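Coordinate inspection notes
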Amino acid sequence: MAAMMPGAPPLRHLDLDLQSHIRSIPDFPKPGILFRDINPLLRSPEAMAEVIRQLGRFCDQVKPDLIVGIESRGFIFGAPLASDRRLGFVPVRKPGKLPGEVVGLDYALEYGTDRLEIQADAFENSPRVLVVDDLLATGGTAAATGQLVEQAGGCLVGFAFVIELEGLGGRQALPAGQPVEALLRYG
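Residues numbered from 1 in each chain as written. Predicted model: local features only at pLDDT ≥ 70, side-chain atom pairs only at ≥ 80, totals over all residues. Heavy atoms only, no water.

Considering the nonpolar core
With 27 residues, the main nonpolar core has L41, V51, F77, L81, L130 and I163 as its most contacted residues. Those elements that place two or more of their residues in this core are α2 (45-62), α3 (73-84), β7 (128-136), β8 (155-165) and β9 (180-186). Of the residues forming this core, the biggest block, 8 residues, is contributed by α2. Apart from the residues within four sequence positions on either side, I163 is in contact with I22, R36, I38, D134, L135, L136, L184 and Y186. Ranked by size, the runner-up nonpolar core spans 26 residues in total, among them L66, A122, A144 and A152. (Core = buried A, V, L, I, M, F, W, Y, C linked by side-chain atoms within 4.5 Å. Buried < 20%, exposed > 50% of the residue type's maximum accessible area, 1.4 Å probe, protein only. Helix = DSSP H or I, 4+ residues; strand = E, 2+ residues; numbered from the N terminus. Contact = heavy atoms within 4.5 Å.)

And the structure:
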């Protein structure tokens, strides 16, 4: 009503407390680990809408043409963000999951290696690409995804995460100078 009244200040949106929708589970998946569980957030339509709204603000700053989601939880947040911003969505997957010709990248993990793939024709005309995932931990998978985006012809414009585990130093693994957004940060 105030928004329709001349001279009245517009109503402001108050951010929903996303922290209250993250459950901390001690000793999972092994003793000494404090697991940050996003399932309560996923069960709340209001919390999910708030995540997409907040990620959308960052998206508006970096102005991508496409959203890339990292398998699999990056799909949960990346696809709705792309739809909300009227952008295309491109999945990055593990080997053998995508049809047609793919571009792949092998990368080092703490104990071994892994591989990510993307369809070879995903980045026609060098689109601006925002990489989205649920969690930034050590940064290895996100950094590899950024490399893969560029290798496949995309122009990387940033990374967006729902949660960052700051104590694991993941930001330092990401390409220098790239914007990084994390909605929730844990030490």
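There is more to say after this.
A look at the packing of aromatic side chains
Using the criterion set out here, one finds 3 aromatic pairs in the structure. With 6.0 Å between their ring centres and 85° between their planes, F75 and F89 make a pair best called edge-to-face. Here F75 is found in helix α3, whereas its partner F89 is found in strand β4 (residues 88-92), with 14 residues between them in sequence. On the accessibility criterion, F75 (23% relative accessible area) is partly exposed. Between F159 and F161, the ring centres sit 6.4 Å apart and the planes meet at 5°, which makes this aromatic pair stacked. Of the two residues, F159 and F161, both sit in the buried class. (Phe/Tyr/Trp six-rings, centres within 6.5 Å; stacked < 30°, edge-to-face > 60°.)

A closer look at the environment of S20
Structurally, the position occupied by S20 is in the segment before β1 (23-26). Sequence spacing of S20 and L41 is 21 residues, and the spatial spacing of their C-alpha atoms is 8.5 Å. Polar side-chain contacts of S20 include one of 2.8 Å to the backbone oxygen of D17. (Polar contact = N/O pair within 3.5 Å; in protein donor to acceptor, adjacent residues only side chain to side chain.)

Side note on the layout of surface pockets
Counted as a void, the largest pocket has a volume near 1,400 Å³. R73, L135, A137, T138 and L165 are, among the 41 residues lining the largest pocket, the residues nearest its centre. Secondary-structure elements contributing two or more residues to the lining of the largest pocket are β2 (34-37), α1 (39-43), α3, β5 (102-109), β6 (112-119), β7, α4 (140-151) and β8. When grouped by side-chain class, the residues that make up the lining of the largest pocket number 22 nonpolar, 9 polar and 10 charged. (1 Å grid on protein atoms, 1.4 Å probe; cavity = no way out; pocket = protein on both sides within 12 Å on 5 of 7 lines; lining within 4 Å. Points joined across faces, edges and corners; volume = space filled by probe spheres on them. Nonpolar A, V, L, I, M, F, W, Y, C, P; charged D, E, K, R; others polar.)

Here we look at the pattern of salt bridges
Where side chains of opposite charge bring their charged atoms close, a pairing between them can arise. Tallied over the entire structure, the rule returns 11 salt bridges. Between R23 and D37 there is a salt bridge, with the nearest N and O atoms lying 2.4 Å from each other. Here D37 lies in strand β2 and R23 lies in strand β1, a separation of 14 residues in the sequence. Accessibility expressed as a relative area gives 5% for D37, which makes it buried. Members of the salt-bridge network, linked through shared partners, are E164, E166, R171 and R185. (Salt bridge = Lys/Arg side-chain N within 4 Å of Asp/Glu carboxyl O.)

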